[in-house]
There are 2 protein chains.
Amino acid sequence: MTQVHITDTILRDAHQSLIATRLRTEDMIPACERLDRAGYWSLEVWGGATFDACLRFLKEDPWERLRKLREALPNTRLQMLLRGQNLLGYRHYADDVVRDFVACAAGNGIDVFRIFDALNDLRNVKTAIEAVKHAGKHAQGAISYTQSPVHTVEQFVRQAKQLRKLGCDSLVVKDMAGLLTPFNTAELFAALTDAVDCPVHLHTHATSGQAEMCHLKAIENGCRHIDTAISAFAGGTSHAPTEAMVAALANTPYDTGLDLGLIQEIGFYFREVRKKYHQFESEYTGVDTRVLSSQLPGGMISNLVNQLREQGALDRFGAVLAEIPRVREDLGYPPLVTPSSQIVGTQAVLNVITGERYKTITNEVKMYFQGRYGRAPGRVNPVVRRQAIGNQETITQRPADLLPPEMDRLRREAGEFAHTEEDVLTVAMFPEIGAEFLKQRAESTLQPEPLLPPAPPQREAAAPRA
Amino acid sequence: MTQVHITDTILRDAHQSLIATRLRTEDMIPACERLDRAGYWSLEVWGGATFDACLRFLKEDPWERLRKLREALPNTRLQMLLRGQNLLGYRHYADDVVRDFVACAAGNGIDVFRIFDALNDLRNVKTAIEAVKHAGKHAQGAISYTQSPVHTVEQFVRQAKQLRKLGCDSLVVKDMAGLLTPFNTAELFAALTDAVDCPVHLHTHATSGQAEMCHLKAIENGCRHIDTAISAFAGGTSHAPTEAMVAALANTPYDTGLDLGLIQEIGFYFREVRKKYHQFESEYTGVDTRVLSSQLPGGMISNLVNQLREQGALDRFGAVLAEIPRVREDLGYPPLVTPSSQIVGTQAVLNVITGERYKTITNEVKMYFQGRYGRAPGRVNPVVRRQAIGNQETITQRPADLLPPEMDRLRREAGEFAHTEEDVLTVAMFPEIGAEFLKQRAESTLQPEPLLPPAPPQREAAAPRA
Ligand SMILES: [Co+2]
Ligand SMILES: [Co+2]
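Let me sum up the structure you'll find in this document. Values in this document were obtained by computation on a predicted structure and should not be read as measured data.

## Observations regarding the relation of the copies chain B and chain A
Here is step 1 of the chain: Mapping chain B onto chain A calls for a rotation angle of 180 degrees and an axial translation of 0.0 Å; the resulting RMSD is 0.0 Å. Taken together, the rotation angle and the small translation identify this as a two-fold axis. When each C-alpha of chain B is compared by its distance to the rotation axis, Met-213 of chain B comes out closest, at 2.6 Å.
Here is step 2 of the chain: Looking at the interface residues of chain B, 100% of them are also at the interface in chain A, so both copies use one shared face.

## Topic: the packing of helix α10 (residues 242-249) of chain A against helix α11 (residues 260-276) of chain A
Between two packed helices, what matters for the description is the angle formed by their axes and the separation of those axes.
Residue and element names in this part refer to chain A.
Here is step 1 of the chain: The N-to-C vectors of α10 and α11 enclose an angle of 165 degrees; their axes lie 10 Å apart at closest approach. Regarding the angle of α10 to α11, the classification is roughly antiparallel. Between α10 and α11 lies a crossing of left-handed hand. For the pair formed by α10 and α11, the contact residues are Thr-242, Glu-243, Val-246 and Ala-247 on the first element and Leu-260, Ile-263, Gln-264 and Gly-267 on the second.
Here is step 2 of the chain: Each residue belonging to the contact of α10 with α11 can be placed in one class, and the counts come to four nonpolar, three polar and one charged.

## Considerations on the packing of aromatic side chains
Here is step 1 of the chain: Enumeration according to the criterion identifies 24 aromatic pairs over all chains in this entry.
Here is step 2 of the chain: Both rings, one in Tyr-145 of chain A and one in Phe-156 of chain A, keep their centres 5.4 Å apart while their planes meet at 35 degrees; by these two values the pair is tilted. With Tyr-145 of chain A in the loop between β5 (138-144) and α7 (153-165) and Phe-156 of chain A in helix α7, this pair connects stretches of sequence that are 11 residues apart. Comparing Tyr-145 of chain A with Phe-156 of chain A shows no difference in burial state: the two are buried.
Here is step 3 of the chain: Members of the aromatic cluster, connected to one another through ring pairs, are Trp-46, Phe-51, Trp-63, Tyr-90, Phe-101 and Phe-430 of chain A.
Here is step 4 of the chain: Seen from the ring of Phe-57 of chain B, Arg-22 of chain B lies directly overhead, with NZ or CZ sitting 3.7 Å from the centre.
Here is step 5 of the chain: Across the ring face of Phe-116 of chain B, the terminal group of Lys-174 of chain B is positioned such that the distance to the ring centre comes to 4.7 Å.

## Structural notes on the pairing of strand β7 (residues 200-204) of chain B
Residue and element names in this part refer to chain B.
Here is step 1 of the chain: Counting buried residues in β7 gives five out of five residues, a clear majority hidden from the surface.
Here is step 2 of the chain: Of the two faces of β7, both are covered, the one formed by Val-200, Leu-202 and Thr-204 as well as the one formed by His-201 and His-203.
Here is step 3 of the chain: Where strand β6 (residues 170-175) and β7 come together, five bridges link them in parallel fashion. Residue pairing in the sheet places Lys-174 in a bridge with His-203 of β7.

## Regarding the state of the cysteines
All names here are of chain A.
Here is step 1 of the chain: Inspection of every chain in the model, using the stated rule, returns zero disulfides over all chains.
Here is step 2 of the chain: Cys-54 carries a free sulfur, and the closest cysteine sulfur to it, the one in Cys-32, is 14 Å from it.
Here is step 3 of the chain: Left without a disulfide partner, Cys-223 is nearest to the cysteine sulfur of Cys-214, which lies 11 Å away.

## Let's talk about the side chain of Ser-42 of chain B
Residue and element names in this part refer to chain B.
Here is step 1 of the chain: Topologically, Ser-42 is positioned in strand β2 (residues 42-47).
Here is step 2 of the chain: Given the relative accessible area of 0%, Ser-42 is considered buried.
Here is step 3 of the chain: If sequence neighbours within four positions are ignored, Ser-42 has contacts with Ile-6, Thr-7, Asp-8, Thr-76, Arg-77 and Gln-79.

## Considering the environment of Gly-371 of chain A
Residues and elements named next belong to chain A.
Here is step 1 of the chain: As for its placement among the helices and strands, Gly-371 is situated in the loop between α16 (363-370) and α17 (382-389).
Here is step 2 of the chain: For Gly-371, a relative accessible area of 4% corresponds to the buried category.
Here is step 3 of the chain: It is 21 Å that separates the C-alpha atoms of Gly-371 and Phe-156, two residues lying 215 residues apart in sequence.
Here is step 4 of the chain: In contact with Gly-371, other than residues within four places in its own chain, are Thr-394, Ile-395 and Pro-399.

Calculation notes
- Residues numbered from 1 in each chain as written.
- Chains lettered and ligands numbered in written order.
- Predicted model: local features only at pLDDT ≥ 70, side-chain atom pairs only at ≥ 80, totals over all residues.
- Heavy atoms only, no water.
- Least-squares fit on C-alpha atoms with pLDDT ≥ 70 in both.
- Contact = heavy atoms within 4.5 Å.
- Axes fitted to C-alpha atoms, helices over the stretch in contact; angles between N-to-C directions.
- Helix = DSSP H or I, 4+ residues; strand = E, 2+ residues; numbered from the N terminus.
- Parallel < 35°, antiparallel > 145°, perpendicular 65-115°, else oblique.
- Left-handed = near helix turned anticlockwise from the far one by under 90°.
- Nonpolar A, V, L, I, M, F, W, Y, C, P; charged D, E, K, R; others polar.
- Phe/Tyr/Trp six-rings, centres within 6.5 Å; stacked < 30°, edge-to-face > 60°.
- Buried < 20%, exposed > 50% of the residue type's maximum accessible area, 1.4 Å probe, protein only.
- Lys NZ or Arg CZ within 6 Å of the ring centre and 35° of its normal.
- Pairing = 2+ DSSP bridges.
- Disulfide = S-S within 2.5 Å.

Written out as structure tokens, the structure reads:
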């Protein structure tokens with residue numbers, strides 16, 4: 001039982017991290033025969049920003065993509081990332097929507113649901129886990145990894161045990177920003193794999209150049225499932241390269257059993273594919289160890305830069321970077337992942353630009369203090385709390401308990417172009433762009449955003465012998 | 001004594017590996033104040049292909065570069081890579097040239113001499129080691145790492161002990177192709193650090209994505225000195241990123257003591273610098289695990305492609321790749337590094353293109369069988385040997401023993417434009433381009449190869465929230 005199993009993120013997180021989620025289904029399908037033969041534990045194919053990008057930029061029906069991938073990958077588990085009670089949208093949905101969405105995703109081909117909550121409030125993942133088990137699928141509970149005075153190994157172990165009790169078939173440490181270093185990974189996995197009787201996967205990003213080392217130390221401490229990306233879309237803000245990890249473990253007790261030659265071929269295919277998307281390459285995707293001190297995920301830094309540029313305040317970037325950890329502390333140390341990364345980032349910008357901390361307070365921060373996103377991980381700053389919401393009580397129930405069933409309403413409001421339950425869910429997730437998509441589909445006017453012509457090929461430079 | 005020390009290759013191997021050795025002194029100097037403050041064990045600044053590239057492409061006097069770096073880096077050990085009896089050229093030199101070259105390099109600023117021989121024939125590094133000790137400098141003996149039936153851990157341990165006996169102050173495992181994987185690194189370093197009473201450095205390349213993991217396992221097995229490259233020129237055919245390794249080891253018993261903030265600044269500087277050299281970027285510098293089976297260093301693959309293209313035989317590339325290990329076996333498994341990589345590669349091309357193995361045999365292969373490069377690591381194929389050199393005896397003495405002193409002759413032949421001993425050595429290393437360089441210098445007509453104008457900046461693509 002020491003074999004290591006691989007989840008490849010090439011069809012989801014890898015291109016989300018490196019080319020703004022733009023990989024098209026037409027470029028996935030030709031690789032599927034080989035991907036399906038390679039022997040992966042699973043392929044992550046859906047969720048995160050893919051649903052959004054399909055509707056907004058690629059003008060692809062995300063459900064249709066899922067069905068095509070299911071057909072092209074008959075022998076491999078298909079995996080998705082689900083934001084707990086947020087599903088794939090940016091608000092809390094009522095439980096009936098969660099159940100309906102999970103049933104539809106399962107029905108269209110998802111085998112493994114990775115479920116997380118930005119605050120690690122397990123009340124926000126409970127309904128989704130139940131729905132996955134009801135659909136007879138694999139429920140994977142995620143620990144949103146972060147570092148703070150209240151995020152101790154003991155706390156993560158408690159969370160792991162609770163997720164297991166909620167019915168999860170496996171767990172994952174979801175290190176979305178790439179904060180783990182090899183020796184703290186070793187400590188964390190030793191504790192987690194000792195505490196729970198199910199597999200604990202590792203999902204980490206290569207942003208600060210630690211991913212391969214973290215995988216290695218996790219494996220030496222009981223981890224048997226790691227997330228990697230085919231080398232053509234690996235490294236930097238993406239993941240460790242699949243080929244490298246397969247080669248590192250080959251002929252050891254941890255051998256993955258994957259055929260290196262076959263996955264190399266997949267890598268060469270995607271190397272060519274990537275050229276087609278050169279307009280989405282960013283220079284902010286290389287190794288950057290600043291994340292280890294700032295804790296900011298890659299996407300958040302470029303968001304901040306854009307916000308500041310719009311307000312002509314780019315010179316305050318350093319001040320905002322310094323303000324973010326203070327706002328995070330005031331909010332009781334939420335992990336920085338959607339939506340908390342935006343909540344913290346926007347308030348930090350305001351605190352700097354207005355010249356007075358919390359002079360202006362966003363609605364999201366008010367809702368946060370009201371408990372409408374869930375429970376803060378640590379103690380919130382009572383002074384800031386009073387500034388934000390006065391003497392209002394914080395709600396103590398599960399936020400979704402305040403939401404009446406809404407599927408009937410959503411079905412009614414989905415409009416004339418929604419023909420299926422999947423269409424209704426599309427509009428439910430993205431009311432404006434979802435409805436617009438369905439309308440254009442009906443009118444046959446869907447137009448994916450254009451791709452620029454190929455960049456000229458690079459020459460080999462004459463080199464002295466070395 | 002568990003602190004880990006760093007040698008940064010940013011000024012030598014990193015740009016040699018990624019932009020064909022083109023980094024100019026003018027782009028090095030502005031980083032030197034910070035590099036000198038960072039607390040590196042050493043900076044690799046000279047040797048390998050830098051001497052050649054300075055003369056051939058950059059029209060810089062390599063000795064002048066060394067003196068400028070020495071002045072700008074007063075507090076840090078400067079390190080060079082020396083090809084044993086080949087020095088920085090492509091033939092064996094007589095002992096008096098070796099002694100003179102080492103004395104001049106030491107006099108101009110080199111503190112640490114890393115000395116290797118392509119065949120690991122220690123007779124080819126002996127004079128250089130003695131000369132370094134005579135100059136009062138640090139002699140580092142290299143093990144050219146390769147994998148074959150005759151390259152066992154025991155054999156490498158024997159070589160390490162012999163290098164130590166020859167007077168080396170430290171040793172290095174020089175894995176020029178990036179063949180090491182973490183678990184064989186662990187085994188090798190456990191044995192080496194147990195067997196010798198001096199530091200054993202690790203120099204490996206990130207070609208196949210193993211470098212960070214190899215460093216980690218080496219460190220856990222007694223290694224205290226690793227070679228890295230500032231992130232802007234790290235990864236792929238270069239080395240593990242300095243910032244990543246410093247961060248990985250921070251706050252552990254292996255803490256490097258380097259200031260992460262300071263080396264991040266150096267990284268941002270070189271990130272900008274790299275853009276200037278975009279014309280030398282190659283698409284063959286990413287992670288490629290094929291090297292683990294082919295054993296071909298990155299530079300060798302592009303050389304082979306060029307050779308085959310010139311002969312209109314690119315379609316035989318696969319056949320040549322298959323032939324290389326067979327030629328290498330016939331030659332007794334030389335490590336593939338200059339000059340053995342060229343010797344093996346060119347013969348493999350001939351064996352494929354002529355349609356008959358060893359129908360045509362290169363002069364270099366004949367010299368190899370004559371023993372003129374030194375002793376083959378393993379048993380050579382006697383049939384091929386007879387085809388190459390008939391019944392001629394193999395020389396059994398050290399190849400340089402056949403060479404009479406030659407400095408006097410080199411001084412006479414260096415020409416009117418050679419004013420110093422350094423100039424004489426420049427012509428000795430590179431007779432044609434060295435003499436041409438000195439002539440142009442005298443005529444003030446030195447013209448570095450032109451750089452293309454900057455590439456247009458990359459835009460940030462609009463991204464959905466993730
Ligand atoms: Co991720
Ligand atoms: Co090297």
